[in-house]
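Architecture and fold: a report
Each chain, letter by letter, is given below.
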Amino acid sequence: MIKEITAQELNPELFIQDKINEIKSIVGDGIAINALSGGVDSSTVTMLGHRALGKHLRTIFVENGVMREGEADQVAGFFEKLGVTVKVVDARKDFFNALKGITDPEEKREAITQTFYKNVFGRIVRESGAKYLLQGTILTDVDETVAGIKRQHNVFEQLGIDPQAAFGYKIIEPLIQLRKDGVRKVGRALGLPALFFDRIPFPGPALSARVIGEVTPERIETVRKATKIVEHILKDTQAFQYLAILHEDRVTGMRDGKREFGQQIEIRCWDSTDARKATPTHLPFDTLEQLAREIVNNVPGIVSVTYNIASKPPSTIEAV
Ligand code: XMP
C-alpha cells in the first residue's frame, strides 16, 4: 500500500531533500538512467535526479515516432539550458513495427510498454551499464492500473512484475506518493520553468493513446496536425487538459463539390484537478467553430469534428 501525500500536506522543499537523499543512497557510485518525455512527471523526475546524481544520471529522450510536432528538439533544447544533457535516441521503427496491426487498446498499450522497456530501453541500459531506471510514476497511474481501468505504461511492481527479472534493471519512483497537483508543486520548487510544471498532461503512450484503431505513421501524422491546432487554440483556456482523437469510423463528407468518405476528429477539453474525475470545459461555441474550421481546412482527410460532452467517469481523459 503506497501512502499518499496530498498536494495540501506536501512541503515541496522537504520532499525534494528527502528524495535527493533517497536517490543518492540507492544509486551510490553507480549510474542511473531516465527517460525524459517533457511531460510534467518526467520533467520533474529529471530535475530531481539531476540534483541528486549530476553526471551519474543519463537522461534519454526516446523518439518513438508518436510524439507531438518538434517535441524531441524542443524538450532536449530546454533541458540543455537548465544544464541537463539529453540524448535523443531514434526508435521510430521499433515502435511502429510493434504497433502494426494492433487495434485493441490494451494490446496497444502493452506493445508500447514492451517496446519501450524491453527493446529500446533494455538496449540503452545494457549499453550504458546503468543498473537503475529513474521514472516519474505517480499514484494515479498505479490506482488506475491496479483497478484494471487502464494499463499505464509505467506500472510494474503493483501488478506483480519484477522489473529486475523482466528487464534487467531496478526502477526508482520518487513521485509515487503524489498526484499531478503535488508533482506540479515539486516541479516549481525545483526551479523548472512554468512551461514545464504548468504544462497540460500528456500520456506516456503519447499520440498512440489518441488514435482509435491501428497506429500507423500516416494516422499519427493526422492526429499530430490536429493536436497542434487544438493546443494552439485552447492554450489560454486554463483547462486541465485538451486533446484531439482520431476515430476509426469514416463518414461521408464533401469537398470541392465531390463526395469524400473522410475521417473524424474528436476534441476533448477537460476541467479537473487530479485527473481522477473530469468534466468537459464549457468552451464558447465560437471557439468550437474555430477549432472545426482550422482542423477541416488544415488536416488532410478530416471531414468531421466533434466535441466530447461526457464526464469522467464513465469516460476517461484519453480515448485508448
Ligand atoms: P485517463 O485517460 O486514464 O488519464 O483518464 C488520466 C491522466 O493520465 C494520463 N495518462 C497517462 N499518463 N502514462 C502516463 O504517464 C499513461 O499510460 C497514461 N494514460 C493516460 C492522461 O493524459 C490523463 O492526464
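Residues numbered from 1 in each chain as written. Predicted model: local features only at pLDDT ≥ 70, side-chain atom pairs only at ≥ 80, totals over all residues. Heavy atoms only, no water.

**As for the overall build of the protein**
The number of helices and strands found in the protein is eleven helices and ten strands. The C-alpha atoms of the protein give 20 Å as radius of gyration, which agrees with the globular expectation for 320 residues (20 Å, within 12%). If one aligns the C-alpha atoms of the protein with their principal axes, the spans along those axes are about 70 × 40 × 40 Å. Expressed as a percentage of its 320 residues, the buried residues of the protein come to 55%. (Helix = DSSP H or I, 4+ residues; strand = E, 2+ residues; numbered from the N terminus. Rg over C-alpha atoms; globule rule 2.2 N^0.38 Å. Buried < 20%, exposed > 50% of the residue type's maximum accessible area, 1.4 Å probe, protein only.)

**Focus: the domain arrangement of the protein**
As far as domains go, the protein holds domain 1 (12–197) and domain 2 (211–307). Across the contact, 18 residues belong to domain 1 and 18 residues belong to domain 2. Taking both partners together, domain 1 and domain 2 bury about 1,400 Å²; carbon and sulfur atoms supply 55% of that area. On the surface where domain 1 and domain 2 come into contact, there are two salt bridges. (Domains from an automatic or database assignment. Contact = heavy atoms within 4.5 Å. Buried area = accessible area lost by both parts, 1.4 Å probe. Salt bridge = Lys/Arg side-chain N within 4 Å of Asp/Glu carboxyl O.)

**A word on the site of the ligand**
In the region of the ligand, 15 residues are neighbours, and Glu144, Lys150, Gln152, Lys312 and Glu318 sit closest. Contacts to the ligand include isoleucine 317, whose backbone N or O atom sits 2.7 Å from an oxygen atom. Here an oxygen atom of the ligand sits 2.5 Å away from a polar atom, N or O, in the side chain of glutamate 318. About the coverage of the ligand: the protein hides 95% of its 490 Å² of free accessible area. Here the shell around the ligand is composed, by residue class, of five nonpolar, five polar and five charged. (Near = heavy atom within 4 Å. Polar contact = N/O pair within 3.5 Å; in protein donor to acceptor, adjacent residues only side chain to side chain. Areas by Shrake-Rupley, 256 points an atom, 1.4 Å probe, with all protein chains shown as cover. Nonpolar A, V, L, I, M, F, W, Y, C, P; charged D, E, K, R; others polar.)

**Comments concerning the nonpolar core**
Soluble globular proteins tend to bury their nonpolar side chains together. Residues Phe79 and Phe121 are the most contacted members of the largest nonpolar core, which totals 88 residues. With eight residues, helix α5 (residues 105–128) is the largest single contributor of residues to this core. Split by domain, this core shows at least three residues from each of two domains, domain 1 (12–197) and domain 2 (211–307). The contact partners of phenylalanine 121, leaving out residues within four places of it in the chain, are Ile33, Asn34, Ala35, Val62, Thr115, Phe116, Leu133 and Tyr169. (Core = buried A, V, L, I, M, F, W, Y, C linked by side-chain atoms within 4.5 Å.)

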